[in-house]
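Chain residues, written in single-letter form:
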Amino acid sequence: MNKKKLIWQLPFLLLLIIGTVLIIRQQRNMPYQKNTGLVFGTVYNLTYQCDSDLNEGVLAELQKVDNSLSPFNEKSIITAVNQNKDVRLDEMFLTVFNKAMAVSEDTEGAFDITVAPLVNAWGFGFKNGIEPTRQQVDSLRQIVGYKNVSLVDGKVIKQDPRMMLDCSAIAKGYGTDVIANYLRSRGVKNFMVEIGGEIVTSGVNPQRLPWKIGVTKPTDDSLSVSQEMQTILNVTDKAMATSGNYRRFYYKGGQKFAHTIDPKTGYPVQHSLLSATVLAKNCTTADAYATSFMVMSIERAQKLLERHPELMAYFIYSDAKGDLAVWFSPSLKDKILE
């Protein structure tokens, strides 16, 4: 009886084995597509294994993000919110707003999407390069503070109508997640999505190896010429975001002013942390915390990481002698390749 049952099962097992082999062979022979372009004022790069070019769909998804979250898009939802117009919030805006509020609370205000007036005053928003006076900073601080905005019945309520929302410190990460999810929805399993340095990877690269991503060495490089790597990380099936003060800065009166503004003080941060790289399950989270850590001191960032074992961080800082030094989460050790 068992022999007869086994004889009947053998053809099905054989078909299953043959089918599996054919699928694996087809997947290995499937080409990798590469797309690149401009979005959100930066460059996007995609590498993904697929038998067709999906760039048209990618651009459509990126346009949705722009229509929702770009303060430079006159018709975007966030522009309407900043202009105090009655606007219907979409799912993208709600997702990013809620994540921003959660990270702001968790970091005690180090992350704050209402900091735009201060950023602009210091010249990094509109590139005016004019240092604000203490009176101007104190005045602008009155209209900055994540606790003064909230969602009520699907609408953004601002305590002061002059308040502005700017999701620049989280939107690139969110956009990267959007494209990663789009590729997954099209059945793509092996891919790398990168938007302005924010990255999501899945599966293997064209060489059938884990995705390897470099962390740039933080040298004064406002023209983005230097590409020297500090280290190489295995970022397979992870999201990664990096924030740093070594490319966006200016000198005035012999003093270096970084682009990261502390929402509490209203002034550019002044501490030893030069670069913060964060690995997380999604890039929205990684982007927000990388920005937060650049506002916080390295000691505060380390304490926060103790509460978040799901996050991994790689910090490059200037030690007491002025030399570059590194600290990273113990859980990141196995992902450091060089």
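Just so it is clear, the model here is predicted, and its values are computed rather than measured.

A. Main features of the overall build of the protein. What the protein contains, in helices and strands, is 9 helices and 14 strands. Per-residue burial over the protein gives 49% buried out of 338 residues. In the form shown here, the protein has an accessible surface area of approximately 18000 Å², with 54% of it arising from carbon and sulfur atoms.

B. Expanded view of the pattern of salt bridges. Tallied over the full model, the rule gives 6 salt bridges. For Lys155, the salt bridge identified is with Asp86, shortest N-O distance 3.4 Å. One end of the pair, Lys155, is in strand β4 (residues 155-158); the other, Asp86, is in the loop between α3 (77-82) and α4 (91-106), and 69 residues separate them in sequence. Residue Lys155 is classed as partly exposed on the basis of its relative accessible area of 41%. The class of Asp86 is exposed, set by a relative accessible area of 65%. A salt bridge links Asp138 to Arg141; the shortest N-O distance between them is 3.8 Å. Separated by 3 residues within a single helix, Asp138 and Arg141 lie in helix α6 (residues 134-141), roughly one turn from each other. The exposure class of Asp138 is partly exposed, given its relative accessible area of 33%.

C. Main features of the environment of Gly145. Along the chain, the position of Gly145 falls in the loop between α6 and β3 (149-152). On a C-alpha basis, the gap between Gly145 and Gln159 in space is 9.8 Å, while along the polypeptide they are 14 residues apart. Those residues in contact with Gly145, other than ones at most four positions away along the chain, are Asp112, Thr114 and Met163.

D. Here's a closer look at the sheet that holds strand β6 (residues 198-202). As summarised here, the arrangement of the 8 strands in space is β1-β2-β5-β6-β9-β12-β13-β14, forming an open sheet in which the pairing is antiparallel. Of all strands in the sheet, those bounded by a partner on one side alone are β1 (32-39) and β14 (324-328). For this sheet, the mean angle separating the axes of adjacent strands, direction not counted, is 10°. Of the pairings in the sheet, the one linking strand β12 (residues 273-280) to strand β13 (residues 312-318) comprises 6 bridges and is antiparallel in character.

E. Layout of the nonpolar core. One finds Phe93, Leu165, Leu183, Phe293 and Phe315 to be the most contacted residues of the largest nonpolar core, which totals 67 residues. Core analysis: the next-biggest nonpolar cluster, separate from the first, contains 14 residues, Tyr32, Met192, Ile199 and Trp211 among them.

F. Fine view of helix α2 (residues 55-69). Over its 15 residues, α2 runs 21 Å from end to end, which matches the ideal 21 Å to within 8%, given 1.5 Å per residue. Each element contacted by the buried residues of α2 is listed here: β1, β2 (42-49), α3, α4, α7 (168-185) and β5 (191-195).

G. Main features of the packing of aromatic side chains. Applying the stated criterion to the full structure yields 6 aromatic pairs. Considering the side-chain rings of Trp122 and Tyr267, the 5.4 Å spacing of their centres and the 65° angle between planes classify their relative orientation as edge-to-face. You can see Trp122 sitting in the loop between α5 (116-121) and α6 and its partner Tyr267 sitting in the loop between β11 (255-258) and β12, a full 145 residues away along the chain. Judged by its relative accessible area of 23%, Tyr267 falls in the partly exposed class. Ring-pair connections join several aromatic residues into one group, and the members of that group are Tyr289, Phe293, Phe315 and Trp327.

H. Looking closely at the packing of α4 against α7. With their axes 11 Å apart at the nearest point, α4 and α7 run at an angle of 130° to one another. In terms of orientation, α4 and α7 fall into the oblique class. Between α4 and α7 the crossing geometry is right-handed. Listed contacts from α7 to Met92, Thr95, Val96, Lys99 and Ala100 of α4 are Ile170, Tyr174 and Val178.

I. Spatial organisation of the pairing of β13. Across the 7 residues that make up β13, a large majority, 5, are buried. Bridge count for β13 against β14 is 5 bridges, and the pairing is antiparallel. When the bridges of β14 are listed, Phe315 appears paired with Trp327. Following β13, the chain reverses through 5 residues before pairing antiparallel with β14; Gly322 in that reversal takes a positive phi of roughly 90°.

J. Here's a closer look at the side chain of Gln33. Mapped onto the fold, Gln33 is located in strand β1. At 2.9 Å, the side chain of Gln33 and the backbone oxygen of Cys50 are in polar contact. In this structure, Gln33 is in contact with Leu46, Thr47, Tyr48, Cys50, Asp51, Ser52 and Asp53, ignoring residues within four places of it in sequence.

K. Here's a closer look at the pairing of β6. With 5 of 5 residues buried, β6 lies mostly within the body of the structure. Every second residue of β6 is oriented toward a common face, with Glu198, Val200 and Ser202 on one face and Ile199 and Thr201 on the other, all of them buried. As paired elements, β5 and β6 share 5 bridges and run antiparallel to each other. Looking at β6, one finds that Phe191 is bridged to Ser202. Here β5 folds back onto β6, and the loop between the two strands holds 2 residues, one of which, Gly196, carries a positive phi near 55°.

L. Structural detail: the environment of Met294. Within the secondary structure, Met294 is located in helix α8 (residues 283-295). When the C-alpha positions of Met294 and Thr277 are compared, they lie 9.7 Å apart, and in sequence the two are 17 residues distant. In contact with Met294, other than residues within four places in its own chain, are Ser243, Gly244, Asn245, Thr260, Val269, His271, Leu273, Leu274, Ser275 and Ala276.

Quick notes on the rules
Residues numbered from 1 in each chain as written. Predicted model: local features only at pLDDT ≥ 70, side-chain atom pairs only at ≥ 80, totals over all residues. Heavy atoms only, no water. Helix = DSSP H or I, 4+ residues; strand = E, 2+ residues; numbered from the N terminus. Buried < 20%, exposed > 50% of the residue type's maximum accessible area, 1.4 Å probe, protein only. Areas by Shrake-Rupley, 256 points an atom, 1.4 Å probe, with all protein chains shown as cover. Salt bridge = Lys/Arg side-chain N within 4 Å of Asp/Glu carboxyl O. Contact = heavy atoms within 4.5 Å. Pairing = 2+ DSSP bridges. Axes fitted to C-alpha atoms, helices over the stretch in contact; angles between N-to-C directions. Core = buried A, V, L, I, M, F, W, Y, C linked by side-chain atoms within 4.5 Å. Expected span 1.5 Å × (residues − 1). Phe/Tyr/Trp six-rings, centres within 6.5 Å; stacked < 30°, edge-to-face > 60°. Parallel < 35°, antiparallel > 145°, perpendicular 65-115°, else oblique. Left-handed = near helix turned anticlockwise from the far one by under 90°. Polar contact = N/O pair within 3.5 Å; in protein donor to acceptor, adjacent residues only side chain to side chain.

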